[in-house]
Amino acid sequence: MAMATHFSFPVNYVLSEVSRSKGRFDRKLVRAAVASGDSVAPAISEETKVKLGGSDLKVTKLGIGVWSWGDNSYWNDFQWDDRKLKAAKGAFDTSLDNGIDFFDTAEVYGSKFSLGAISSETLLGRFIRERKERYPGAEVSVATKYAALPWRLGRESVISALKDSLSRLELSSVDLYQLHWPGLWGNEGYLDGLGDAVEQGLVKAVGVSNYSEKRLRDAYKRLKKRGIPLASNQVNYSLIYRAPEQTGVKAACDELGVTLIAYSPIAQGALTGKYTPENPPSGPRGRIYTREFLTKLQPLLNRIKQIGGNYSKTPTQVALNWLVAQGNVIPIPGAKNAEQAKEFAGAIGWSLTDDEVAELRSLASEVNPVVGFPVEYL
């Protein structure tokens, strides 16, 4: 997939959502020419954005996860090189060029703590700086996360870690700051730290990740006492991993007005159709999505492909659109390159029918889910 084209004359365009009604599509493309010599980034329509929970922050209906950027302990076949760096930069630019401006990272992604090659935050910050050098008016929404490590105690540790993240990101504030997982202790202090971050103007909104229903409700109540909304809970959620529904997390998010951000929304590639029993994923993922599992997954994947064909959509786009159809869900698939980023952008702006959503859920229920992140049940 080629990188985003550099036009000899600058064009600022807004591509609105594609609305679907009984098979008919209405696409509106607004083009606005700008003075020659100006450098203007492709604009992102407000129609493609939604409010994050009860906060004032608006983000695109689909985001991009950047866990793999700089990582060589889980992704990238245990190695990070210039080729993968250029591919990640392509994913970043192509996402923005195709109307996606919400990126999710974390202080542990690519860090020495996680045996990574280079911090994902550092790479994202570099890409943002380079984008703004090219397009001074470019806007990017950034979410990052605090690691609730056992030796970190108190609200001050949250502010200290956030400032370190801001330094790596080369930003004065971030849009969303999240607790990456519940701590073994000290969670009240961590939540107080989130509130402090909002009051100090270091973040626009705050959220949690991998929080159970009870922890979610407790966090919501504690922040509410300070007049601060809990904007989001980021959890593992996909067509074949629906634990948030079974544990009450999804229902609690809907009740409280907390947006559910879905990580691993295509099950780390298992729902793309790329992997088969004869061609399982490499590295640690191969121990999760085994040949046996992929064999049982084939009937669902075959139907996803058939449904996608009716819309000229890929299995990846169908799987992501299924999540969006659940309501109050923002998927954040991980993009390693420009081709993936462009494909992900095509997952929104259209809708599966209610019958198709129900049929895929029924087929998926016949597939036993893989084991999720254990802290979900703390």
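Look above for the structure.
Counting starts from 1 at the beginning of each chain's written sequence and moves along it residue by residue. Whole-chain, interface and lining totals are the exception, using all residues; otherwise, since this is a predicted model, local features are given only for residues with pLDDT of at least 70 and side-chain atom pairs are given and counted only at 80 or more. Computation of side-chain values covers all heavy atoms of the structure but excludes hydrogens and water.

Visitor: How do you make sense of the nonpolar core when you look at a structure like this?
Guide: Across soluble globular proteins, you tend to see nonpolar side chains buried next to one another. Counting 92 residues, the largest nonpolar core has Trp69 and Leu271 as the members making the most contacts within it. Phe102, Ile261, Tyr263 and Ile330 belong to the second-largest nonpolar core, a separate cluster that totals twelve residues. What makes a nonpolar core is a set of buried Ala, Val, Leu, Ile, Met, Phe, Trp, Tyr and Cys residues whose side-chain atoms join them at distances within 4.5 Å. Partly exposed describes any residue whose relative accessible area lies between the buried limit of under 20% and the exposed limit of over 50%, with all areas from a 1.4 Å probe on protein chains only and scaled to the type maximum.

Visitor: Just checking my understanding: could you explain the sheet that holds strand 14 (residues 329-331) for this structure?
Guide: Pairing between sheet strands relies on hydrogen bonds along the backbone, with the strands arranged either parallel or antiparallel. Strands are labelled as partners when DSSP assigns at least two bridges between them. Here a helix means four or more residues in a row that DSSP labels H or I, a strand means two or more in a row labelled E, and each is numbered from the N terminus. The parallel open sheet is built from eight strands, whose spatial order is 7-8-9-10-11-12-13-14. At either end of the open sheet lies a strand with only one pairing partner, and these are strand 7 (64-65) and strand 14. Across five bridges, the pairing between strand 10 (residues 174-179) and strand 11 (residues 203-209) is parallel. Looking at strand 11, one finds that Tyr177 is bridged to Val206. The contact rule is simple, with two residues in contact once any of their heavy atoms fall within 4.5 Å. Axis definition: a line fit to C-alpha positions, over the contact stretch in the case of helices; interaxial angles, taken between N-to-C directions, run 0 to 180 degrees. On the sheet, helix 10 (residues 315-324) packs against strand 13 (259-263) and strand 14 and is oriented at approximately 155 degrees with respect to strand 14.

Visitor: Teacher, can you tell me more about the pairing of strand 10 here?
Guide: The side chains of a regular strand alternate, residue by residue, between the two faces of the sheet. In terms of burial, strand 10 is a largely internal element, six of the six residues being buried. Where strand 9 (residues 141-146) meets strand 10, four bridges bridge the pair, whose relative direction is parallel. Bridge pairing links Ala143 to Leu176 in strand 10. Crossovers are marked right-handed if the path from the first strand over the helix to the second runs clockwise, as seen with the strands pointing away from the viewer. The parallel pair strand 9 and strand 10, bridged by helix 3 (residues 155-169), forms a crossover whose chirality is right-handed.

Visitor: Can you walk me through the environment of Gly65 in this structure?
Guide: Mapping Gly65 onto the fold places it in strand 7. What makes Gly65 buried here is its relative accessible area of 9%. Between the C-alpha atom of Gly65 and that of Ile332, which follows or precedes it by 267 residues, the distance is 5.1 Å.

Visitor: Looking at this structure, how should I read the pattern of salt bridges?
Guide: Pairs may arise between side chains of opposite charge once their charged atoms sit close together. Within this document, salt bridges are pairs made up of a side-chain nitrogen of Lys or Arg and a carboxyl oxygen of Asp or Glu, the two lying within 4 Å of each other. Scanning all chains against the criterion turns up 23 salt bridges. Glu107 is paired through a salt bridge with Arg152; the nearest N and O atoms lie 2.6 Å apart. With a gap of 45 residues between them, Glu107 in the loop between strand 8 (102-104) and helix 2 (120-134) and Arg152 in the loop between strand 9 and helix 3 connect regions that are remote in the sequence. Each member of the pair, Glu107 as well as Arg152, carries the same accessibility label: buried. A salt bridge links Arg217 to Glu255, with the shortest nitrogen-to-oxygen separation between them at 2.8 Å. One end of the pair, Arg217, is in helix 5 (residues 213-224); the other, Glu255, is in helix 7 (residues 249-256), and 38 residues separate them in sequence.

Visitor: Before we go on, may I ask you to explain unusual backbone geometry in this structure?
Guide: For residues that are not glycine, phi is negative in most cases, and the peptide bond is trans in most cases. Unusually for a residue other than glycine, Asn210 sits at a positive phi of about 60 degrees. With respect to the helices and strands, the residue Asn210 is situated in the loop between strand 11 and helix 5.

Any functional reading would require information beyond the geometric quantities listed.
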